[in-house]
Amino acid sequence: MGEHKLLTEHFGTEGLQTLAVYERVGGYQGLREALSRFTPETLIDEVKASGLRGRGGAGFPTGTKWGFLPKDVFPRYLCCNADESEPGCFKDRALIDENPHQLIEGLLIAAYALQVNTAFIYIRGEYHDQRLLLERCVEEARAAGHIGANVLGSGFSCDVIVHGGAGAYICGEETALIDSLEGYRGQPRLKPPFPALKGLYGKPTVVNNVETLSNLPHIVQRGGAWFKQLGTEKSAGTRLFCCSGHINRPGTYEIAMGTPIRELLEEECGGIWKDRSIKAFQPGGGSMQVLLPEHLDLPLDMDAVAQAGSSLGAGAMVFMDETTCMVNVSMRLVDFYHHESCGKCAPCREGTYFESDLMHRLEAGHLTLEELHTLADICDNMNGKCFCPLGDTATWFVMSAFKAFRDEFEAHCGAGACPVRTASAQLVTA
Ligand SMILES: Cc1cc2nc3c(=O)[nH]c(=O)nc-3n(C[C@H](O)[C@H](O)[C@H](O)COP(=O)(O)O)c2cc1C
C-alpha cells in the first residue's frame, strides 16, 4: 500500500503544463477513448463501477451524482470546483500547477458523459497564477481541437470557460459557487432543489472537485474495475493528502486509500519535527474534528475516519506537536469562519462573532468557567441550525477539542495568560 502514483505520476516532468509534453506522456488518450468506446450512458456506468467518490469534502459517489440529472433537459452545465479555500488544503493547487491538462481532460470526459456543451472552471481568486495557467492551457487545447465544436472529430462539442472567484471561502459551497458564476454575491441557495435539477441559470448542473475530475482519464483508460480494486471496499482509488503542521516534510502525497495514517505521517511526512511527539491532528482540513495519537492507526478510509468522529474532508492533514495549545488553534480556526461567514443566516453570522469573542478572551486567560460553558451553548445553537454547512463546521473543531482537551480549556479560565504556551516556551527553551 502506501504511496501510489496515479494522478501525480508525471509530476515534475519538464514542460508537462504544455499540450505537447502532456500528450507525449499519454495525455488526452482517455478523452479519445471516452469519445470512441463509450456512449454517455455507458461512461456514467463505468464511473459508477469505479466507486469514485467526490474529493471536494463530502465524498458523494460521482457516478450516482451524475445519474441524478433529469433526462432530456438541456442545456446542462458542469462546473469544476477549484475554489479550494479550506484551511490546510492545497492539493487542487498542486494538481493545477503540475498537470493542468489532466484536469481539462477530466472535465471534457465528464462533459461528454453528462452531455454538457459549456463547462466552467471556477477558480479561487487568490489562485491568480493558476488561473492564467489554466486559461493558457484551455486556449492550447482549443487550438488543437480538443475543446470547442466537434471535439476530436467526434461530433460532440464543448466549450470551457475559466472563471476567477473573488476570494470568498463560501464560494466553494456548490450553490454559492453557482450564484457567484451567475454574477451575484456568492451565498448558498436553499436545497432542494439540488443543482442536479436546478443549478446554473436554473438548468441541471453538476459541480465536481478538481481531484475528482482529474481521476477520470485514468478510470477511462484502465477501467472502473481496475480503479475500484485500488483502495478499500468503500473508498476506491488513491487520494492526494496535503500535509502540513509540525512535520519534517510538509507536502502533497498521493496515497492508496486504506493505508494507515501513521504510514503517511512517518514514511511520507518524515514524522513529527524536532523529535517531539504528536498531540493531535486534523484529518480533513480546518472544518473537521480533532483526532488524537490513538487514531493514527486508522486506515485512510472515509468511513473508518467518520466512525472515529471526524472526516477525511478535502484531504488536508494538519499535524500538531506536543507544544500546541488547542485553545489557540481553536481560536484561529474560529476567526477564519467568523471572517468567512457570508452573513446570510443569523446562527452563523452572529454565532461565529460570539464564538470568536469568547475564544479570544479564553486564549488570553480572561474567561470565567461559567462563560466557557456559554461557548458550548453557542456551538449547540449553531450546529445543524445554520443555512449551510459553513456555520455547522465552525463549531466542529472547537467542540471536539473542548471535549478531548477539557482540562486545557479550563486551565485557561482566569489564568491571565495562555498556560500552554507558557509551559511550551519552557519546553522549547529546555
Ligand atoms: C463552506 C463550503 C466550502 C466548500 N469548498 C469547497 C471547495 O473549495 N472545493 C470543493 O471541491 N468543494 C468544496 N465544498 C463542497 C462543495 O459544495 C461540493 O460538495 C463539491 O464541490 C462537490 O464535488 P465532488 O462531488 O467532486 O466532491 C465546500 C462546501 C462548503 C459547505
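Each chain carries its own residue numbering, running from 1 in the direction its sequence is written. Reporting in this predicted model follows two pLDDT cut-offs: at least 70 for local features of residues, and 80 or more for side-chain atom pairs to be given and counted; totals over whole chains, interfaces and linings ignore these cut-offs and use all residues. Calculation of side-chain values draws on the structure's entire complement of heavy atoms; hydrogens and water are dropped beforehand.

A. Region of the structure containing the packing of aromatic side chains. The rule is short: rings of Phe, Tyr and Trp, with Trp giving its six-membered ring, pair when the centres are within 6.5 Å, and they are stacked under 30 degrees, edge-to-face over 60, tilted in between. Applying the stated criterion across every chain yields a total of 11 aromatic pairs. Taken together, a centroid distance of 4.9 Å and an interplanar angle of 70° make the contact between tyrosine 169 and phenylalanine 336 edge-to-face. Of this pair, tyrosine 169 sits in the loop between strand E3 (159-164) and helix H8 (174-181) while phenylalanine 336 sits in helix H14 (residues 326-340), and the two are 167 residues apart along the sequence. Taken together, a centroid distance of 5.7 Å and an interplanar angle of 25° make the contact between phenylalanine 281 and phenylalanine 319 stacked. Each helix corresponds to a stretch of at least 4 residues labelled H or I by DSSP, and each strand to a stretch of at least 2 residues labelled E; elements are numbered beginning at the N terminus.

B. Region of interest: the sheet that holds strand E5 (residues 238-245). Only strands that DSSP links by at least two bridges are regarded as paired with each other. Spatial ordering of the open sheet is given by E6-E5-E8-E7, a layout of four strands whose pairing is mixed. Among the strands making up the open sheet, the edge pair consists of strand E6 (251-256) and strand E7 (278-282). Across the sheet, the mean angle separating the axes of adjacent strands is 30° when strand polarity is ignored. Where E5 and strand E8 (residues 316-321) come together, four bridges link them in parallel fashion. Directly across from glycine 245, in E8, lies its bridge partner phenylalanine 319. Axes here mean lines fitted to C-alpha atoms, for a helix over just the part in contact, with angles spanning 0 to 180 degrees between N-to-C directions.

C. Representation of the site of the ligand within the structure. What makes a residue near a molecule or strand is one non-hydrogen atom of that residue sitting within 4 Å of it. Every one of the 17 residues lining the ligand counts as a neighbour, but Gly56, Lys65, Asn81, Asn209 and Thr212 are closest to it. Between valine 207 and the ligand, the recorded distance is 3.5 Å, taken from a backbone N or O atom to an oxygen atom. Summarising the interface, the protein chains cover 88% of the accessible area of the ligand, which totals 610 Å² for the free molecule. Sort the elements by how many residues they give to the shell around the ligand and strand E4 (residues 205-209) lands first, with three residues. Counted as a polar contact is a pair of N or O atoms within 3.5 Å, where, for protein atoms, one must be capable of donating a hydrogen and the other of accepting one, and residues adjacent in sequence contribute only when both atoms are in side chains. Using the Shrake-Rupley algorithm and a 1.4 Å probe, accessible areas are obtained, with residue cover drawn only from the displayed protein chains.

D. Seen up close, the pattern of salt bridges. Basic side-chain nitrogens of Lys or Arg form a salt bridge, by our definition, when they fall within 4 Å of a carboxyl oxygen of Asp or Glu. Going through the model one piece at a time under the given rule, you end up with 24 salt bridges. Linking arginine 276 and aspartate 321 is a salt bridge whose minimum nitrogen-to-oxygen distance equals 2.8 Å. A residue pair is termed long-range when its members are at least 10 positions apart, and arginine 276 in the loop between helix H12 (261-268) and E7 and aspartate 321 in strand E8 qualify at 45 residues. Take arginine 276 and aspartate 321: they sit in the same class, and that class is buried. Categorising residues by exposure relies on relative accessible area from a 1.4 Å probe, with only protein chains included: less than 20% of the type maximum marks a residue as buried, more than 50% marks it as exposed, and the intermediate range marks it as partly exposed.

E. Up close: the packing of helix H2 (residues 29-37) against helix H6 (residues 100-114). Contact geometry for H2 and H6: axes closest at 9 Å, N-to-C directions at 10°. Overall, the two elements H2 and H6 adopt an arrangement that is roughly parallel. Residues Gln29, Gly30, Leu31, Ala34 and Leu35 of H2 touch H6, and the partners they reach there are Glu105, Leu108, Ile109 and Tyr112. Charged residues are taken to be Asp, Glu, Lys and Arg, nonpolar residues to be Ala, Val, Leu, Ile, Met, Phe, Trp, Tyr, Cys and Pro, and polar residues to be all remaining types, Gly included. For the contact of H2 with H6, a count of residues per class yields six nonpolar, two polar and one charged. Note on terminology: angles under 35 degrees are roughly parallel, angles over 145 are roughly antiparallel, angles of 65 to 115 are roughly perpendicular, and the others are oblique. Any two residues having at least one pair of non-hydrogen atoms within 4.5 Å are treated as being in contact.

F. Quick look at the domain arrangement of the protein. Partitioning the protein into domains gives domain 1 (19-228), domain 2 (238-321) and domain 3 (326-429). A straight line from the C-alpha centre of domain 1 to that of domain 2 covers 27 Å. Of the residues lining the interface, 16 residues belong to domain 1; the matching set on domain 2 comes to 19 residues. Each of two parts loses accessible area, computed with a 1.4 Å probe, when they are put together; buried area is these two losses added. Summed over both partners, the interface of domain 1 with domain 2 buries about 1,300 Å², with 57% contributed by carbon and sulfur atoms. Counting the contacts that link domain 1 with domain 2 gives one salt bridge. In this assembly, domain 1 and domain 2 are joined by seven residue pairs in polar contact (both at pLDDT 80 or more). A total of three residues in the side of domain 1 that touches domain 2 trace back to one element, the largest contributor, which is helix H5 (residues 91-98). These domain limits were set by an automatic method or by a database of domain assignments.

G. Expanded view of the environment of cysteine 325. Along the chain, cysteine 325 turns up in the loop between E8 and H14. On a C-alpha basis, the gap between cysteine 325 and lysine 191 in space is 38 Å, while along the polypeptide they are 134 residues apart. Every residue in contact with cysteine 325, bar those within four places of it in the chain, is listed here: Glu363, Glu408, His412, Cys418, Val420 and Arg421.

H. Local environment of helix H16 (residues 369-382). Between the first and last residue of a helix there are one fewer steps than residues, each counted as 1.5 Å, and that sum is the expected span. Here H16 contains 14 residues, and its C-alpha end-to-end distance of 21 Å stays within 8% of the 20 Å for a straight helix at 1.5 Å per residue. Looking only at H16, the buried set comprises Leu372, Leu375, Ile378, Cys379 and Met382. Angularly, the buried residues of H16 cover 105° about the axis, an arc narrow enough to put them on a single face. Exposed residues lying more than 90 degrees from the buried face of H16 are Glu370 and Asn381. Summarising the geometry, the arc corresponds to the directions from the helix axis toward the C-beta atoms.

I. Quick look at the pairing of E5. Counting buried positions over the eight residues of E5 gives seven, a clear majority of the element. Here six bridges tie E5 to E6, and the two strands are oriented antiparallel to one another. Along E6, the bridge assignment pairs threonine 238 with alanine 256. Connecting E5 to the antiparallel partner E6 that follows it, the hairpin turn spans five residues.

J. Seen up close, the nonpolar core. Side-chain atoms within 4.5 Å link the members of a nonpolar core, which is a set of buried Ala, Val, Leu, Ile, Met, Phe, Trp, Tyr and Cys residues. Of all hydrophobic cores here, the largest spans 59 residues; its most connected members are Trp66, Leu78, Ile104, Ile121 and Leu216. Ranked by residues supplied to this core, first place goes to H6 with 10 residues. Among all residues touching leucine 216, those that are not within four sequence positions of it are Val47, Leu52, Trp66, Gly106, Ile109 and Ala110.

K. Layout of the environment of glycine 57. Assignment of secondary structure puts glycine 57 in the loop between helix H3 (40-50) and helix H4 (62-67). Among residues more than four places away in sequence, those in contact with glycine 57 are Ser311, Gly313 and Ala314.

L. Main features of empty space enclosed by the protein. Only protein atoms enter the 1 Å grid used here. Points where a 1.4 Å probe fits but cannot escape make up a cavity, open sets with protein on both sides within 12 Å along at least five of seven lines make up a pocket, and a residue lines them when an atom lies within 4 Å of a point. Grid points are joined across faces, edges and corners, and a volume is the space filled by probe spheres set on the points. For the coordinates displayed, the defined rule picks out one cavity of 30 Å³ or more. There is about 70 Å³ of room inside the largest cavity. For the largest cavity, the lining is made up of 13 residues, of which Pro188, Cys342, Cys345, Cys348 and Cys388 are closest to its centre. Residue classes in the lining of the largest cavity are distributed as nine nonpolar, three polar and one charged.

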